[in-house]
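Secondary and tertiary structure notes
Now for the letters of each chain:
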Amino acid sequence: MPFRIRTKLIIAFFAVIFPFIAIVGAIALYNTNAIRNASLKAEAISEELHLVLSLRLAIDNALMPGNDYIITGNKRYIDEFNDASKEVEDLIEKVEKTLVVSEGMDTPDKSTRGQAPEAKEEIEILKSVKTAWQNIKEISQKIFEIPEPVGNKEAAALMEEMDYKWAYPAIKMLDKHHEIDRKEHDEAFEELHRRWRVAWLSMIGGALILIISGIFFAAFYSRLFTRPIEAIHNGADEIASGNFKTRLDIKTGDELQQLSNAMNEMAAQLDNFYATLEQKVEERTREVKESEKRYRSLFGNMLNGFAYCRMLFKDNLPQDFIYLDVNKAFEKATGLKNVVGKKATEVIPGIKEVHPELFEIYGRVALTGRPEMFEIDFKPLSIWLTISVYSPERECFVAVFDNITERKKAEEALKESETRFRGIVETAKDAIICIKSPDTIYMWNKKAEEIFGYPLDETMGRSLHDLIVPKAYIEKHKEGLKKFFATGTGHVVGSTIEITGLKRDGTEFPIELSISAMNIRGEWHATSIIRDITARKEAEKKIKEQLDYLVRFEKATVQREFRIKELKDRVKELEEELKKK
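Given the structure is predicted, the values throughout are model-derived calculations rather than measurements.

**What to know about the pairing of strand β4 (residues 383-390)**
- As paired strands, strand β3 (residues 372-378) and β4 are joined by seven bridges and run antiparallel to one another. In the sheet register, glutamate 375 faces β4, and the bridge partner there is threonine 386.
- Two successive antiparallel strands, β3 and β4, enclose a turn made up of four residues, where serine 382 displays a positive phi of approximately 55°.
- Pairing between β4 and strand β5 (residues 396-403): six bridges, direction antiparallel. Each residue of the ladder has a partner; that of isoleucine 387, found in β5, is phenylalanine 401.
- As consecutive antiparallel partners, β4 and β5 are separated by five residues, and within that stretch glutamate 395 has a phi angle of approximately 70°, a positive value.

Okay, structure coming up:
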């Protein structure tokens, strides 16, 4: 009967294991549902905890614009309050939704009937907070309606009412709400951990039962198969020893009989294969020769220099090496001819004295078999080489190399160019700062250190607006940089403007700024040239003050002349009157 073993195993398996699977499945389903409910509750409480804390901070922040408005009278604080107000109301709405979700879940402290007392208290707290917030909002609007709040007693009284009557009590209630949430949070996670422990214990118990059942099943049923399997094993040993005439005679009517028949067929095929083995060996030999021919063609035409060598040692120390084979690229790169069979010290006199490290590397690779790669200024031939070395067999090595002399010359020229550029930048009388996306400093010269007070090691990789941009301009600066790194354009690119900079000690001072754009590998970079114009601004201020003084002096002089003229005219009139008398 085909597949009889599998049928017997399946029937036995389900007869023994199915009840256990059903029990473990039911336990797992129950535990999964319990863990899911506990996890969802913990997540909901965590979110509520976060939202309540955020609401407390938002209300606290919403009080600041009113205070700042009373102190400064600046209208911009009205907009700040409106933004803060929107944030507070959004958070109140989110907390309400979270409370609705939490009410529908079972919690460790849920009362057997009706709503849990903690949930009722949280709802009452939120209602009180909403009432307090409406009063805070109304009082703030009254404060902002006062046109001149600085020193205004009415504004101060309204602020005192808002703080002490509504704000502080609301914050205290939110603190209480936070404590309730913290308690529920701890209890929810304790329940979640308990559910996990129960689940693990259930799964471990079920696994142990299955393992014990499996062992019993294997021990009981193995006796049905050991005898024919042993016969198959003995027959396989005979075949493996080379006795391909061996045949198995098993009549079990199942897969073991099929396996024995397959082994009999395999033995017959091996017997036939052995008879034709010599022919196949000859064919394989021809293939190897063809493969060697292809290898020699590849070896002779490869672009990299190739040298196959045997290392000569004395007391495990490398003394010399013999060239066993080289390709045409080796001769072209080095200019060396007819080196096969010769020692390196014969082909290149003085090589060991000039480059002892070369012998150390080759010897190490030939002994250990670990490949290495390095670059070397090969002085005997006045060339630079990059060499990859590996060992195909002990005490032998293969060196594959490229002539990189031109690349090294280009690198040296680039280094000289970078050195000259760095010298110009470091001796410049203006600060030079280079940044790349998303606002990362990668160049900061000495004049920038002197002007802003930051040493080079404290600026690399940091954001420009975190260091030298005053807080009042940070948002505008970020928007401008975002546009610049996307398009390479901006209203200050290619022009010189006067703005305010920020020193390390917090001092704001006037600067003159020029920005140029560079596209490097498809990314926009900005180079800023900055000049401290504090002295110039002070000079301009003094000139303006002097001009004002001269204008006032001129006006005073003209008025004095008019007065003298009036006095002279009056004297003449008096003289005329005296003459008449």
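Structure shown, so let's carry the discussion forward.
**As for the pattern of salt bridges**
- Within this structure, the stated rule accounts for 15 salt bridges.
- The closest approach of N and O atoms between lysine 137 and glutamate 89, which form a salt bridge, is 2.7 Å. Placement of the pair is lysine 137 in helix α3 (residues 117-145) and glutamate 89 in helix α2 (residues 76-103), with a sequence separation of 48 residues.
- Judged by its relative accessible area of 26%, lysine 137 falls in the partly exposed class.
- Judged by its relative accessible area of 29%, glutamate 89 is partly exposed.
- A salt bridge links lysine 447 to glutamate 450; the shortest N-O distance between them is 3.2 Å. Here glutamate 450 and lysine 447 lie together in helix α13 (residues 446-452), a separation of three residues that amounts to about one turn.
- Take lysine 447: its relative accessible area is 21%, and that puts it in the partly exposed class.

**Considering the sheet that holds strand β2 (residues 317-326)**
- The sheet built from five strands is open, its strands ordered β2-β1-β5-β4-β3 with antiparallel pairing. Across the chains shown, the open sheet's two edge strands, defined by having one partner strand only, are β2 and β3. Ignoring which end each strand starts from, the neighbouring axes of this sheet average 35° apart.
- Relative to β5, strand β1 (residues 305-314) runs antiparallel, the two sharing six bridges. Bridging from a neighbouring strand, alanine 307 pairs with alanine 399 of β5.
- Sitting on the sheet, helix α11 (residues 356-368) is in contact with β1, β2, β3, β4 and β5, with an inclination near 160° to β3.

**Topic: a nonpolar patch on the surface**
- Judged by side-chain polarity, Trp196, Trp200, Met203, Ile204, Leu208, Ile211 and Ile215 come together as a nonpolar surface patch covering roughly 730 Å² of accessible area.
- Along the chain, tryptophan 196 turns up in helix α4 (residues 153-221).
- In this structure tryptophan 196 comes out as partly exposed when scored by relative accessible area, which is 40%.

Criteria and cut-off values
Sequence order sets the numbering: in each chain, residues are counted from 1 along the sequence as written. Thresholds applied to this predicted model are a pLDDT of at least 70 for local features of residues and 80 or more for the giving and counting of side-chain atom pairs; totals over whole chains, interfaces and linings are not thresholded and use all residues. Only hydrogens and water are set aside; all other atoms, that is, all heavy atoms of the structure, feed into the side-chain values. Two strands are counted as paired when DSSP detects at least two bridges linking them. Only runs of H or I of at least four residues qualify as helices and only runs of E of at least two qualify as strands under DSSP, and these elements are numbered from the N terminus. For this analysis, a salt bridge means a side-chain nitrogen from Lys or Arg found within 4 Å of a carboxyl oxygen belonging to Asp or Glu. When a residue's accessible area, from a 1.4 Å probe over protein chains only, is under 20% of the maximum for its type it is buried; when over 50% it is exposed; and in between it is partly exposed. Inter-axis angles, ranging from 0 to 180 degrees, are taken between N-to-C directions of lines fitted to C-alpha atoms, where helices are fitted over the stretch in contact. In this description, contact between two residues means that some pair of their heavy atoms is separated by no more than 4.5 Å. Residues form patches when they are more than 30% accessible in relative terms and have no salt bridge. Like charges link within 9 Å. Nonpolar side chains (Val, Leu, Ile, Met, Phe, Trp, Tyr) link within 5 Å. All accessibility values rest on the Shrake-Rupley procedure with a 1.4 Å probe; residue burial counts only the protein chains present in the view.

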